[in-house]
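Inside the fold
Residue strings, one per chain:
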Amino acid sequence: MSQLENASRSQIEEHQLARLQLGLSRILPHNRFYEEKLRSHQVSISLSSFDDLSSFPFTTKQELVADQESYPLFGSNLTYPMNDYIRLHQTSGTTGRPLKILDTQESWDWWAECWMSVYQSAGVTRDDIVFLAFSFGPFIGFWSAYEGAKRLGALTVPGGGMDSLQRLRAIQEIDATVLVCTPSYALHLAEVAQEHGLDMRLSNVRITIHAGEPGASIPSTRERIQSAWNAQTYDHAGMTEMGAFGFACSEQQGLHVNEGEFIAEILDPVTNQPVHEGQTGELILTNLGRWGNPAIRYRTGDLVRHGGYSCACGRTFLLFPGGVLGRVDDMLIVRGVNVYPSALANMLHRFPEVNEFRVIVTSEGPMDEIALQVECPSYLKSAIEDELHIALNLRVPIETVEPGTLPRFELKARRVEDRRNGA
Ligand SMILES: [Zn+2]
């Protein structure tokens, strides 16, 4: 644990303020996007206290996408000359036009440092063999996880270009001790292993680290991964536009924000006022080291709960109990009840017979209605309906379907099918 990780709040904030001030001095003379944005909002860029940050305007993804359309290809959020940039990545583009993100060597090293914190807090060392079960494409998460493991000094194995069975065999053959992939894919790999008579509980994998979607912070999902792999399971959170900002500690109560490298605010998505401890809001992040392509007060669209600053692990970094709870846009309001797909996953995964599920959203006038398709034996139908009724105080219709019939996901699981407004 670094010194800052268990420092007092005032020491942490002092560090963040100094880093942001340094960053602004590097960004502003050259970065047209932020120079124009901050000038048009007439904010003072000399920050005398932490509260001054609240006068800074938000940055949104739509704004960055529009900027890249106005200034093709890479937009104007660039601080250095083009030939200083060494990596190009892009967002998945599942919710609109992909965002292209460039990194300098300095920013790339910073990414690797942030990922190294994820490994270290999970107990990974240079003696480990890290297998990355991803298709290595233009998505940044895999590459930064790879760079972080390399920086830690572990033996790092990219598992791109393989199917699930080949990956399982590779994990066994090389005696991998750490598996990095999405939580859904860890469960899918375990299913494939079972189909082929492989028992991954007997493999050397002792730690699994997950990203890309909520899951590893959901207790019942985490337990399921842990038992399928006989390993300790850790969550992590990151974004292409932002960096690897969250990691799980030994207490596994959710995610800590890496407050040495990021400033986190949690705001009510409607009023934009800070929420109190225990409340849920939208995560707003500022990164403190990616000066080549910075993000200041970025609206992540992620919902998190403010869990305060004290943890049994000794860290004083802000805690999000349950990790990232979902997307602000994913929240469904069914007969006045807020429903998050991650909460449904938690309830369903308490049934060992349940594999995948899908949420079907329809609309009845202005109201949303949901129904679930669940891969499990049909005799569980009423037990699941009762469980959901107790947990949500809602009657949700369940349709049981044959195992293996619902889609599986290597990347972000998309378990909500929106059939509202005739969609
Ligand atoms: Zn902790």
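Notes on the structure in this doc start here. (Residues numbered from 1 in each chain as written. Predicted model: local features only at pLDDT ≥ 70, side-chain atom pairs only at ≥ 80, totals over all residues. Heavy atoms only, no water.)

**So, the coordination of the zinc ion**
We apply this condition: Only N, O and S atoms count as donors, using a 2.8 Å cut-off from the metal and 3.2 Å for Na, K and Ca, and because water is excluded some sites may appear unfinished.
At 2.1 to 2.3 Å from the zinc ion lie its protein donor atoms, namely Cys249 (SG), His256 (NE2), Cys311 (SG) and Cys313 (SG). Ordering the donors of the zinc ion by residue number gives the pattern C-x6-H-x54-C-x1-C.

**Considerations on the nonpolar core**
We count it as follows: Buried Ala, Val, Leu, Ile, Met, Phe, Trp, Tyr and Cys residues that are joined via side-chain atoms within 4.5 Å together make up what is termed a nonpolar core. Exposure categories follow from relative accessible area, calculated using a 1.4 Å probe and restricted to protein chains: below 20% of the type maximum is buried, above 50% is exposed, and the middle band is partly exposed. In what follows, a contact means two residues having at least one pair of non-hydrogen atoms within 4.5 Å.
Membership of the largest hydrophobic core comes to 97 residues, with the highest contact counts inside it found for Tyr119, Val180, Ile209 and Trp229. Excluding its chain neighbours within four sequence positions, the residues that come into contact with tyrosine 119 are Val124, Val130, Leu132, Ala145, Gly148, Ala149, Leu152, Val180 and Ile209. Ile218, Leu372, Ile384 and Leu392 belong to the second largest nonpolar core, which has 24 residues in total.

**Regarding the pattern of salt bridges**
Counted only if it meets this: What counts as a salt bridge is simple: a side-chain nitrogen of Lys or Arg found within 4 Å of a carboxyl oxygen of Asp or Glu. Under the DSSP-based scheme used, a helix requires at least four consecutive residues in state H or I and a strand at least two consecutive residues in state E, with every element numbered from the N terminus.
In this structure the tally under the stated criterion is 27 salt bridges. Of the charged contacts in the structure, one is a salt bridge between arginine 290 and aspartate 103, with a shortest N-O distance of 2.8 Å. Of the two residues, arginine 290 is situated in the loop between β11 (280–287) and β12 (298–305) and aspartate 103 in strand β2 (residues 100–104); the sequence distance between them amounts to 187 residues. Like arginine 290, the residue aspartate 103 is buried in the burial classification. Between aspartate 128 and arginine 206 there is a salt bridge, with the nearest N and O atoms lying 2.8 Å from each other. Within this pair, whereas aspartate 128 is found in the loop between α4 (105–121) and β3 (129–132), its partner arginine 206 is found in the loop between α7 (183–195) and β6 (207–210), the two being separated by 78 residues in sequence. Salt bridges sharing partners connect three or more residues here, namely Glu191, Glu375 and Arg408.

**Re the side chain of histidine 89**
This is how it is decided: Any N or O atom pair separated by 3.5 Å or less is treated as a polar contact, with the protein-specific requirement of one donor-capable and one acceptor-capable atom, and with residues adjacent in sequence counted only for side-chain atom pairs.
Within the secondary structure layout, histidine 89 lies in strand β1 (residues 85–90). Side-chain polar atoms of histidine 89 contact the side chain of arginine 87, separated by 3.2 Å. Those residues in contact with histidine 89 that lie beyond four places of it in its chain are Leu99, Lys100, Ile101, Trp108, Pro138, Phe139, Ile140 and Trp143.

**Observations regarding empty space enclosed by the protein**
Going by this rule: Both site types are read off a 1 Å grid over the protein atoms alone. A 1.4 Å probe that fits but cannot get out defines a cavity, while an open set with protein on both sides within 12 Å along at least five of seven lines defines a pocket; lining residues have an atom within 4 Å of a point. Grid points are joined across faces, edges and corners, and a volume is the space filled by probe spheres set on the points. Note that Gly is not counted as nonpolar here; it falls among the polar residues with everything else outside the nonpolar set of Ala, Val, Leu, Ile, Met, Phe, Trp, Tyr, Cys and Pro and the charged set of Asp, Glu, Lys and Arg.
Using the criterion set out here, one finds three cavities of 30 Å³ or more in the structure. Looking at the largest cavity, its volume works out to about 80 Å³. Residue lining of the largest cavity: Leu64, Asp67, Gln68, Phe74, Asn77, Leu78, Leu99, Lys100, Ile101, Leu102 and Asn293, and that is the complete set. Of the residues contributing to the lining of the largest cavity, the split by class is six nonpolar, three polar and two charged. Space inside the second largest cavity adds up to approximately 40 Å³. In terms of lining residues, the second largest cavity is bounded by Leu64, Asn77, Ile101, Glu241, Arg290, Asn293, Pro294 and Ala295.

**A word on the pairing of strand β5 (residues 178–181)**
Basically, it comes down to this: We treat two strands as partners when DSSP finds at least two bridges between them. A clockwise path from the first strand over the helix to the second, with the strands pointing away from the viewer, defines a right-handed crossover.
Every second residue of β5 is oriented toward a common face, with Val178 and Val180 on one face and Leu179 and Cys181 on the other, all of them buried. Pairing between β3 and β5: three bridges, direction parallel. When the bridges of β5 are listed, phenylalanine 131 appears paired with leucine 179. The sheet contact formed by β5 and β6 spans four bridges and is parallel. Looking at the pairing, valine 180 lines up with isoleucine 209 of β6. Of the crossover connections in this fold, the one passing from β5 over α7 to the parallel β6 is right-handed.

**With respect to α7**
Residues spaced three or four apart along an α-helix point in a common direction, a consequence of the helix completing one turn every 3.6 residues. The criterion, for reference: Each helix should span, by expectation, one fewer than its residue count multiplied by 1.5 Å.
Its 13 residues give α7 an end-to-end C-alpha distance of 19 Å, which sits within 8% of 18 Å, the value for a rise of 1.5 Å per residue. Of all 13 residues making up α7, 11 are buried, and the element is well covered by its neighbours. Taken together, the buried positions of α7 are Pro183, Ser184, Tyr185, Ala186, Leu187, His188, Leu189, Ala190, Glu191, Val192 and Ala193. Contacts made by the buried residues of α7 are with α6 (164–173), β5, β6 and α8 (219–229).

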